[in-house]
Amino acid sequence: MRSSFDLLSLLLVLAAVFGYVNHRVLRLPLTVGLLLLALSGTILLIAADAVVPGLGLKAALRAVLAGVDLPSALLNCFLSFLLFAGALEVDFADLVAGTGTILTLATLGTVLSTALIAASLIGVAAGLGLDIPPTWCLVFGALISPTDPVAVLLVLKRVGLPRRLQAMVAGESLFNDGVAVVVFALMLSLATGTQDHARGPWGIALLFLTQAVGGGLLGLGLGWAAFELLRRIDDYNVELIVSLALVTGTYSLAGMLGVSGPVGVVVAGILIGNHGMQLAMNETTRLHLKTFWLLVDDTLNALLFLLIGLEIAAIELEARALAAMAAMIPIVLAARWISVAASALPLSLRLPDRMGSFAVLTWGGLRGGISVALALSLPPTPYKEPILTIAYGIVVFSIVVQGLTLDRVARRTLAGLPAPAP
């Protein structure tokens, strides 16, 4: 590729072509259709390359993908815009009503899920003869535990969940990214031997608290500053620029200060989406802001899920890793249910439909681009390929199977749930 512009052009052309085919033929949700078409096309290229090795199709596709640093693109670019766009749609009153459950799920639930999945992978790897040490099983548990806000929010747009439960699912997925990245970094430092042993458990807990609370305070402060600017102007073009500056400034400054950028962006987005839109914008500005961020959200989602489908070319598939992937899919779901029940049960004893809510929270805990990006960001070791294979399979299953059937699961487990909007 001559330049990053050429690569972006290619991705947009593929997204447009696959989007057209999906709309005319598959009629699936756009992101799921893009993922499946990209995945199918990549598999066909790999199969053709295996039959006729001289074609070099897999090598050519890998060369194209080499121009995309997906971990960096997602964690440092896509994620900030996607989180902000999602946070704009969260109702503050509904979020406050479930604050305790949301924060418990995002923290205790993520940590518990990491431990359960790691323990299970240790057993599965031993049974299949896969050489994955326990510390790297913890790394896998950390990268696959967080629910992905991008995938979750896309599904929630078309599933008719009760507002309380919808706020709970969305809130957890928005806030647990910051938690997951910290847990992943700690587990990776343990696996690679770079952990600061002098820090100790309390030091780790303090670091965790600093990241989460510091990110929230930063987002609150910068979000309020942006609100004050928006309140004093009446020009939607300038107000759109302010919103862009808020997203990029919050994420960049969080990185410099060593606090959680995802948490900061989410808090700022919730503030602007509620307080800002109600008190600092007229109807015209609200319409333009929502339309702009919806366009950003849809475009980045299309590119992200297209890239996830193409990234299979970066994986060296091996029989034992595929077997481990098949075994871990139900295990990850079981670990999700246990972590949800253990985290949320004490806070929801009075809810008559709590078991149905747990089922929806379990099936709606979709994994997505964040897990793939974290797996791809692992340093080159003998354990990276099997971890990447297992993670990729779980993500694809989550987006395609869980994402397309969440509405049916919700209607069967929650009495009186209306049919989802078309």
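Residues numbered from 1 in each chain as written. Predicted model: local features only at pLDDT ≥ 70, side-chain atom pairs only at ≥ 80, totals over all residues. Heavy atoms only, no water.

A. Seen up close, the overall build of the chain. Check the secondary structure of the chain and you find 17 helices and zero strands. Against the 2.2 N^0.38 benchmark of 22 Å for 422 residues, the chain shows a C-alpha radius of gyration of 21 Å, consistent with a compact globule. Seen through its principal axes, the chain has C-alpha atoms that stretch 65 × 50 × 50 Å. For the chain, contacts bridging at least 24 residues in sequence account for 83% of all contacts bridging at least 6. Within the structure as shown, the chain displays about 18,200 Å² of accessible surface, and the carbon and sulfur contribution to it stands at 69%. Within the chain, one finds 23 positive and 24 negative side-chain charges whose respective centroids are separated by 7 Å. (Helix = DSSP H or I, 4+ residues; strand = E, 2+ residues; numbered from the N terminus. Rg over C-alpha atoms; globule rule 2.2 N^0.38 Å. Contact = heavy atoms within 4.5 Å. Areas by Shrake-Rupley, 256 points an atom, 1.4 Å probe, with all protein chains shown as cover. Lys, Arg positive; Asp, Glu negative; His and termini not counted. Charge placed at Lys NZ, Arg CZ, Asp CG, Glu CD.)

B. Representation of the side chain of serine 371 in the model. Tracing the sequence through the fold places serine 371 in helix α16 (residues 369-376). Those residues in contact with serine 371, other than ones at most four positions away along the chain, are Leu143, Ile144, Pro146 and Val395.

C. Broad picture of the environment of arginine 27. Tracing the backbone through its elements, the reader meets arginine 27 in the loop between α1 (4-26) and α2 (30-51). The exposure class assigned to arginine 27 is exposed, which follows from its relative accessible area of 62%. Looking at arginine 27, its side chain comes within polar contact range of the main-chain oxygen of histidine 23, at 3.4 Å. (Buried < 20%, exposed > 50% of the residue type's maximum accessible area, 1.4 Å probe, protein only. Polar contact = N/O pair within 3.5 Å; in protein donor to acceptor, adjacent residues only side chain to side chain.)

D. View of the nonpolar core. Counting residues in hydrophobic clusters, the biggest one holds 133 residues, and the most contacted among them are Phe140, Leu143 and Ile272. When residues of this core are assigned to their parent elements, the largest contribution, 14 residues, is made by helix α9 (residues 163-192). What phenylalanine 140 contacts, discounting residues up to four positions off in sequence, is Ile117, Leu121, Met328, Ile387, Ile390, Ala391 and Ile394. (Core = buried A, V, L, I, M, F, W, Y, C linked by side-chain atoms within 4.5 Å.)

E. Summary view of the packing of α2 against helix α3 (residues 57-65). Relative orientation of the contacting elements α2 and α3 amounts to 140°, with a least axis distance of 8 Å. The pairing of α2 with α3 is recorded here as oblique in orientation. Listed contacts from α3 to Thr42, Leu45, Ile46, Ala48 and Asp49 of α2 are Leu57, Lys58 and Leu61. (Axes fitted to C-alpha atoms, helices over the stretch in contact; angles between N-to-C directions. Parallel < 35°, antiparallel > 145°, perpendicular 65-115°, else oblique.)

F. Structural detail: a nonpolar patch on the surface. The grouping of Leu206, Leu209, Val213, Leu217 and Leu220 at the surface amounts to a nonpolar patch, some 480 Å² of accessible area in total. You can see leucine 217 is positioned in helix α10 (residues 200-231). (Patch = residues over 30% accessible without salt bridge, like charges linked within 9 Å, V, L, I, M, F, W, Y side chains within 5 Å. Salt bridge = Lys/Arg side-chain N within 4 Å of Asp/Glu carboxyl O.)

Taken by themselves, the reported measurements are silent on function.
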